[in-house]
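Next come the chains, spelled out residue by residue.
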Amino acid sequence: MNSKLEKNVGKAVDRVDGRLKVTGLAKYAAEYPKDNLAHAFLVQSTISSGKIKSIDSSRAEAVTGVIAVITYKNAPKLPPKNNANFDDSLHLLQSNEIFHDRQNIGVVVAETLETARYAASLLQVEYSKKAVDVDLAKNLSKAKYAEGKKNSLKTRGDFQNGLASADVKIESTYVTPAEMHSMMEPHATTAEWDGNNLHIWESTQAIFNTRNKVAKAFGLAAAKVRVSTEFLGGGFGSKLECWSGTILAVLAAKMTQRPVRLALTREQTYGNTGNRPQTVQNLIYAADKKGKLTAIKHECISENCRFTDFSEDGSTVSTHLYSCPNVVTESKVVALDISKPIWMRAPGDCPGMYAVECAMDELAHTLKMDPLEIRLLNYSEKDESCDLPWSSKSLKQCYEQGAKLFGWNERKLEPSSMKYHNKLVGWGMSSAMHGAYRMEAGAKLVLKEDGSVTISSGTQDIGTGTYTIMTQIAADALGLPLEKVRFELGDTNMPEAPLSGGSMTAATAGSAVHGICHNAIEKLKEFLVQEKGTIFSDANKGELCARNEGIYLASQEGKGESYVSILKRLPEKQLLVEAKFSPDSKQLDKYSKYSFGAHFAEVMVDAELGIVRVTRFVSAISAGKIINPKTAANQIKGGVIFGIGMALTEALLRDEKTGRTINADLGEYHLPVHADIPNIEVVFVDEKDDVVNPLGVKGVGEIAVIGVAAAIANAIFHATGKRVRELPITLDKLLT
Ligand code: MOS
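Residues numbered from 1 in each chain as written. Predicted model: local features only at pLDDT ≥ 70, side-chain atom pairs only at ≥ 80, totals over all residues. Heavy atoms only, no water.

Before going further, it helps to examine the nonpolar core. With 89 residues, the main nonpolar core has Tyr 285, Tyr 354, Leu 363, Val 603, Phe 617, Leu 648 and Ile 712 as its most contacted residues. In terms of residue count, the dominant contributor to this core is helix 9 (residues 349-366) (ten residues). By size, the runner-up hydrophobic cluster in this structure holds 53 residues, among which are Leu 447, Met 470, Leu 478 and Leu 524. (Core = buried A, V, L, I, M, F, W, Y, C linked by side-chain atoms within 4.5 Å. Buried < 20%, exposed > 50% of the residue type's maximum accessible area, 1.4 Å probe, protein only. Helix = DSSP H or I, 4+ residues; strand = E, 2+ residues; numbered from the N terminus.)

What follows is the structure in structure tokens.
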């Protein structure tokens, strides 16, 4: 086959779904019109720990248009049969116990959304409160290994020896706050039963996980449940999980015998949809007088809820970013009266890289070294955490190209030595790395009589451009123009593909799409070479290739036949192939596989007011083959904006007495807005990786956010001489 991906792959192709999105034709989970649709509205607890003493729904039930009020008092048992594997951390109205703020305690179903919402406000709930503890800082002594990770201690070499041989060391504690995903589209479900079959339209990053979890909750075979997610307004990890709102929507539909729509308000997402947990990280970075690292210690403590396990491990960054013979890392959790935390864009690595790259900046400052120089001095030529070669690593080129574009060599070493009018100017930088993953995925291809193709795979487009890049991959593999390729996703009736997370969709679904095109071409070649009396009859398969909308003799430009003409002779008049594509783990296990990057930030600080503006930002990223520089750069810019929020504005705040989140809306949880965002320049470093997958892609979804907060924190130190070790760096912290 013609495996030369060159016509569309690598080009800044516009989004194939762009028109649907800007015209409003793209449908999201809460936009599917259904006959006889009922509207559900969640009721959430106003305490963070304790019990519901009484719940009176009579006033709500009396409202005209209310169909049902569901609470723990009348909700059926879920799952219907005892199921030891069932995730009971979802809180599906099965008891009167309250484990966290804004726990779902009821659902009101009505003829209109307004009625449901109004009736929900009439529920009379009395609680008996328990004292709460939501303060990580006060409970650090209670830190222990997460359940199921009995021991997270990792060591290489001899830390104490390494420390003893050091000339300088940094011993610092870095704190990152709990953060919300704040995706544009809050979680939403439309659920419709047809007898014992269930169809749900869901805003999820993982249709098959959702299917399996819902099936389990209702004691159904997975095949009875169909999940569709055509479009999704972001997820950032929160929508990898199937939360209680989804299951309660399905329950409401079952109890009322109506199709039901349940969409969370922004505020409701602050209770049952996860968040990045707070971390406290204790680091020791020690070096000789030249700046060569001799010892590293990194302990990460993250907050967790009391009813299930989740840990945010930032310490692994210290095991493999730099070359160092003596390293010890450890991750622990503290259980608090909070809701269940979950993965958020670059879980672990994001807070971890912030701590590590601030520590390196502190070390450079102590040694009076350029921050970039100390990083080059400790560059790791292999992954020392597992003693494996990198599948590819172009971090040096990222440093070089990023620094050049930024003008880094103009930087003055001393803090507070650069000014612009009355502002202090600071330049900071950070490294970035993120694992390059791939999982098994299925794909189906139908090449039709008219020479167009439809390819489907049960993956998701979480806003990143999956529809577009899969179309590019298929078009090039088959020698078709983009207009003749239709790529479909987001339906559990399609061949199974994994969740859209871990920056692996291009590698995973992309390899499946590439693979299924290859299979289709092979099938056509087999058919052609066995025919008699055609131009292909004397050829063998290896001499044929796909190009120019058909199969051609590789060596002879115009000699071949179009798909349209070939398909006429196939008995079915079309070609259908379906297969699964798996990574070659034996081969992959011989390498350590990561995307790399370098961020450079300029800030201007008003020394009197403590106001920080990020005025320039450069990200240089090496992530293997970039399928579409436009959608990829889009992701990098989004990641940088994510990181600017982490550095300067975002923090989930809880009242220590009540345990309740006190900034549960976008008015008080501060996301960066347009005025906060400077010009962001993105460079993709050319890179070839033959190991990771047939396409050579390593993923760009998460790498961009990793290290951004460190680059900004380091720039603020360079501007002001003040080292703030607790994010976000709000002006009060710069004035004290
Ligand atoms: Mo991401 S946290 O893998 O959506």
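The rest of the description comes next.
A word on the sheet that holds strand 7 (residues 154-156). The five strands lie next to each other as 7-15-14-13-8, forming an open sheet whose pairing is mixed. The open sheet has two edge strands, strand 7 and strand 8 (168-176), and neither has a second partner. Strand-to-strand twist in this sheet, taken as the mean axis angle between neighbours without regard to direction, amounts to 10 degrees. Of the pairings in the sheet, the one linking strand 13 (residues 279-287) to strand 14 (residues 293-304) comprises nine bridges and is antiparallel in character. Looking across to strand 14, one finds that Tyr 285 is bridged to Ile 296. With respect to the sheet, helix 9 is in contact with strand 8, strand 13 and strand 14, its orientation differing from that of strand 8 by roughly 145 degrees. (Pairing = 2+ DSSP bridges. Axes fitted to C-alpha atoms, helices over the stretch in contact; angles between N-to-C directions. Contact = heavy atoms within 4.5 Å.)

Side chains that differ in charge, positive against negative, can pair when their charged atoms come close. Enumeration according to the criterion identifies 37 salt bridges in this entry. Notably, a salt bridge pairs Glu 561 with Arg 569, separated by 2.5 Å at the nearest N-O pair. Note on Arg 569: relative accessible area 33%, which makes it partly exposed. (Salt bridge = Lys/Arg side-chain N within 4 Å of Asp/Glu carboxyl O.)

Quick reminder: α-helices carry 3.6 residues per turn. Residues three or four places apart thus point the same way. With 13 residues, helix 17 (residues 708-720) should cover 18 Å at 1.5 Å per step; its first-to-last C-alpha distance of 18 Å lies within 8% of that length. The element helix 17 is extensively covered by neighbouring structure, given that twelve of its 13 residues are classed as buried. Those residues of helix 17 that sit buried are Val 708, Ala 709, Ala 710, Ala 711, Ile 712, Ala 713, Asn 714, Ala 715, Ile 716, Phe 717, His 718 and Ala 719. (Expected span 1.5 Å × (residues − 1).)

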